[in-house]
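# Working through the structure, step by step
Chain residues, written in single-letter form:
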Amino acid sequence: MTSTVPGNPESVFTYGAPQLKFGNGASDEIGFDLSRYGVRRVLVVTDPGVAATGHPQRVADQMAQFGIEARVFDGVHVEPTDVSLVDAIDEARSSGPWDAFVAVGGGSSIDTAKAINLLTTNPGELMDYVNVPVGKGQAPSQPLKPLVAVPTTTGTGSESTTICVMDVIAQRVKSGISHAWLRPTLAVIDPDLTLSQPPGVTAASGMDILCHALESYTARWYTTYDRKSPDQRVPYCGSNPISDMWSEKAMSLLAGSFRKAVRDGDDAQARFDMAIAATFAGMGFGNAGVHIPHANAYPIAGQVKDFHPEDYPGDEAMVPHGMSVALTAPEAFRFTFEASPERHVRAAELLAPGADRPADAAEFLPTVLADLMRDIDIPNGVGAVGFGEGDIPDLVDGAMKQQRLLATCPRAVTEDDLAGIFRRSISLW
Ligand SMILES: [Fe+2]
C-alpha cells in the first residue's frame, strides 16, 4: 500500500501489550503475582453470573495467604452503561482506597474495572474521559493502579486493549474511553475458565475473535496516516508488520478450532486454541485497530428491539457483541476488498485452507465467512435479529458516530456506503 499523504507520511508505529500468564491453572497464581507489586487491598470486579461460578471468590480467597485483603464486587452490568459504570465507580470510591484491581469475567467486567481504576486514581467524572464528541475526551493526569484481567469468555480481547466500551444512555449511543494507561498490567488467561461457555456463546465470541483478526489485518496501513507528533500518538495506529503477525496466526488457529469448539465444548485442545487465538487477535487489534464491522456493531447492539439469542441468560432484548460484529462482516469485507485485494484473499486462505477460490476474488472472503456463520448458527444477517429496510437510516447514524473506528478503514466510508452494507446484510444467504 502506498501513502495517501506523500508530503508528510507517518513513519512510526507502536506496539503495546500487557504482561501475560497463559495456561490451565494460571488463575491460581494471581495472589502471588499481586504480592510482587506490594499491594495490600484488592477489589475483585465481576458480574453476578460469573460470580455464581465461584471463580471470582476463589481468586479472592487465594490472596489471603499473601497478606492481601480482597473483596468481591459483583455489581457489573453485562454490556456496561454510563450509569452502571458510575454506580461501580461510586461503590469503589466509597469502599477504597484500593491498591489494585482484578477483573474476572467477560469484556463487561474487564471494561468496568478499567473505568473504576481510572476514576479512583484520577479526578473528575466518567464523561470527562469518554471519547469526543460524546464526552470530553480528557487524558488521565495521574498514574493508574495495577489491573489484572482474567477473561472467562474467549473473545473480547479486552484483557489486551486500552479501551473501555459503554452505552451512553441519554445519548442512545455506544462510546468508550481509549487511553494507553487503561491497558491491564497483567492478563491471566486460563482456558479452564472457558469450558462452561455454551455453544451459542462460543459461536458469538468466536466471531468477535475472527473479526478482530480480520479487521486489524485489513486496517489502513500505518504509513498512510499523516505523521503524528509524540504526544498525538494513539493506541490504534493501523496495520503494521507486528500486528499482521498476530492476526495471521490467530486466523490459522481459528481455522482448525472454531467449528470444533462450537460442536464439542469439551474438546480441550479446541478450547485451548480458541483461547490462544483470542489472545493473539487481541495483541493485533489492540495496536492496529478495527473498522466497519465493529462500527456497525454499536448501533446493532444498541437499537435491537426484541431479539434474544439462545444460550444467553435472561430474556431482555440483546445482540451479543460478537454476533453484532459478525452480521455485517461479509458485506463490509466485500466493500473493503479493493483497498487491498491480496490481504482479503490471504485472509480467506488462512481461514479456509484448501478452499476453492471463486472466479471473482472479491467473493472469496465473504463466502468463507458466510459458510462459517451458517455452520455455527449465527443468524442470517441483521434481518434475522429484527432489523428491516426502515431501520437503516438509524443504523447508519449510529455507525457514523464511530469515527474513531471508521478512520481505521482502508477506504473512505460514506453514509451511502454504510447504508449499502446494512441493506445487503439484511439477509446474507
Ligand atoms: Fe470486539
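What counts and what doesn't
- Residues numbered from 1 in each chain as written.
- Predicted model: local features only at pLDDT ≥ 70, side-chain atom pairs only at ≥ 80, totals over all residues.
- Heavy atoms only, no water.
- Helix = DSSP H or I, 4+ residues; strand = E, 2+ residues; numbered from the N terminus.
- Buried < 20%, exposed > 50% of the residue type's maximum accessible area, 1.4 Å probe, protein only.
- Donors = N, O, S within 2.8 Å, 3.2 Å for Na, K, Ca; no water.
- Tetrahedral: all angles 85-135°; square planar, octahedral: opposite > 155°, others 65-115°.
- Contact = heavy atoms within 4.5 Å.
- Axes fitted to C-alpha atoms, helices over the stretch in contact; angles between N-to-C directions.
- Parallel < 35°, antiparallel > 145°, perpendicular 65-115°, else oblique.
- Left-handed = near helix turned anticlockwise from the far one by under 90°.
- Nonpolar A, V, L, I, M, F, W, Y, C, P; charged D, E, K, R; others polar.
- Salt bridge = Lys/Arg side-chain N within 4 Å of Asp/Glu carboxyl O.
- Domains from an automatic or database assignment.
- Buried area = accessible area lost by both parts, 1.4 Å probe.
- Pairing = 2+ DSSP bridges.
- Patch = residues over 30% accessible without salt bridge, like charges linked within 9 Å, V, L, I, M, F, W, Y side chains within 5 Å.
- Areas by Shrake-Rupley, 256 points an atom, 1.4 Å probe, with all protein chains shown as cover.
- Lys, Arg positive; Asp, Glu negative; His and termini not counted.
- Charge placed at Lys NZ, Arg CZ, Asp CG, Glu CD.

We now examine unusual backbone geometry. Most of the time, phi is negative for any residue but glycine, and the peptide bond is trans. In this model, Gly96 is joined to Pro97 through a cis peptide bond whose omega is 5°. Residue placement: Pro97 occurs in the loop between α4 (82-95) and β4 (100-105). Omega for the bond connecting Val132 with Pro133 falls within 30 degrees of zero, at 5°, which places this linkage in the cis form. Within the fold, Pro133 resides in the loop between α6 (126-129) and β5 (147-151). Non-glycine residue Asp311 carries a positive phi angle of around 75°. Structurally, the position occupied by Asp311 is in the loop between α10 (292-303) and α11 (321-326). Note on Asp311: relative accessible area 35%, which makes it partly exposed.

Glancing now at the coordination of the iron ion. Around the iron ion, the protein contributes the donor atoms Asp208 (OD), His212 (NE2), His294 (NE2) and His321 (NE2), which lie 2.1 to 2.2 Å from the metal centre. Geometry at the iron ion is irregular, judged from the four donor atoms that bind it and their angles of 83 to 168° at the metal. Read N to C, the donor residues that coordinate the iron ion are spaced as D-x3-H-x81-H-x26-H. In this pair, His212 sits in helix α7 (residues 199-217) while His321 sits in helix α11, placing the two residues 109 residues apart along the sequence. On the accessibility criterion, His212 (1% relative accessible area) is buried. Residue classification places His321 among the partly exposed positions, given a relative accessible area of 28%.

Before going further, it helps to examine the environment of Ala187. Considering the arrangement of structural elements, one finds Ala187 in strand β8 (residues 186-189). For Ala187, a relative accessible area of 1% gives the class buried. Taking the C-alpha atoms as reference points, Ala187 and Ile110, 77 residues apart in sequence, are found 10 Å from one another. Non-local contacts of Ala187, meaning those with residues more than four positions away in its chain, are made with Pro18, Gln19, Leu20, Lys21, Ala149 and Glu159.

Relative orientation of the contacting elements helix α8 (residues 241-263) and helix α9 (residues 268-288) amounts to 150°, with a least axis distance of 8 Å. Of the possible angle classes, the one that applies to α8 and α9 is roughly antiparallel. For the pair α8 and α9, the sense of crossing is left-handed. Contacts between α8 and α9 involve Ser243, Trp246, Ser247, Lys249, Ala250, Leu253, Leu254, Ser257, Phe258, Lys260 and Ala261 from the former and Ala270, Arg271, Asp273, Met274, Ile276, Ala277, Phe280, Ala281, Met283, Gly284 and Ala288 from the latter. Within the contact of α8 with α9, the residues separate by chemical class into 14 nonpolar, four polar and four charged.

Turning our eyes to something else, we now look at the pattern of salt bridges. Enumeration over the complete set of coordinates arrives at 22 salt bridges. A salt bridge links Lys21 to Asp33, with the shortest nitrogen-to-oxygen separation between them at 3.1 Å. Of this pair, Lys21 sits in strand β1 (residues 19-22) while Asp33 sits in helix α1 (residues 30-35), placing them 12 residues apart in sequence.

What follows deals with the domain arrangement of the protein chain. Considered domain by domain, the protein chain is made up of domain 1 (26-189) and domain 2 (199-424). On a C-alpha basis, the centres of domain 1 and domain 2 stand 25 Å from each other. Residue-level contacts link 22 residues of domain 1 with 25 residues of domain 2. Where domain 1 abuts domain 2, roughly 1,700 Å² becomes buried across the two surfaces, and 59% of that area is made up of carbon and sulfur atoms. Its largest share of buried area at the contact with domain 2, domain 1 owes to Thr154, Gly155 and Lys174, together 28% of the area lost on that side.

A sheet is described by the order of its strands in space; here six strands give the open sequence β1-β8-β5-β4-β2-β3, paired in parallel fashion. Of all strands in the sheet, those with a lone pairing partner are β1 and β3 (69-73), marking the two edges. The sheet shows a mean angle of 20° between the axes of neighbouring strands, direction not considered. Here β4 pairs with β5 via five bridges, running parallel. By the bridge assignment for β5, Ala103 is matched with Ala149. Packing of α4 onto the sheet brings it into contact with β2 (41-45) and β3, and relative to β3 it is tilted by some 155°. Packed onto the sheet, α9 meets β1 and β8 and runs at close to 175° relative to β1.

Another point: a negative patch on the surface. Side chains of Asp394, Asp397, Glu415 and Asp416 sit close together on the surface and give a patch of like negative charge. When contributions to the negative patch are tallied by element, the ones reaching two or more residues are α15 (392-400) and α17 (415-424). By the secondary structure assignment, Asp397 is in helix α15. The class of Asp397 is partly exposed, set by a relative accessible area of 43%.

So, on to the environment of Ala384. With respect to the helices and strands, the residue Ala384 is situated in the loop between α14 (364-375) and α15. Looking at Ala384, the relative accessible area reads 39%, which means it is partly exposed. Sequence separation between Ala384 and Glu316 is 68 residues, and the spatial gap between their C-alpha atoms is 17 Å. The residues contacting Ala384, other than those within four sequence positions of it, are Phe307, Pro379 and Ile426.

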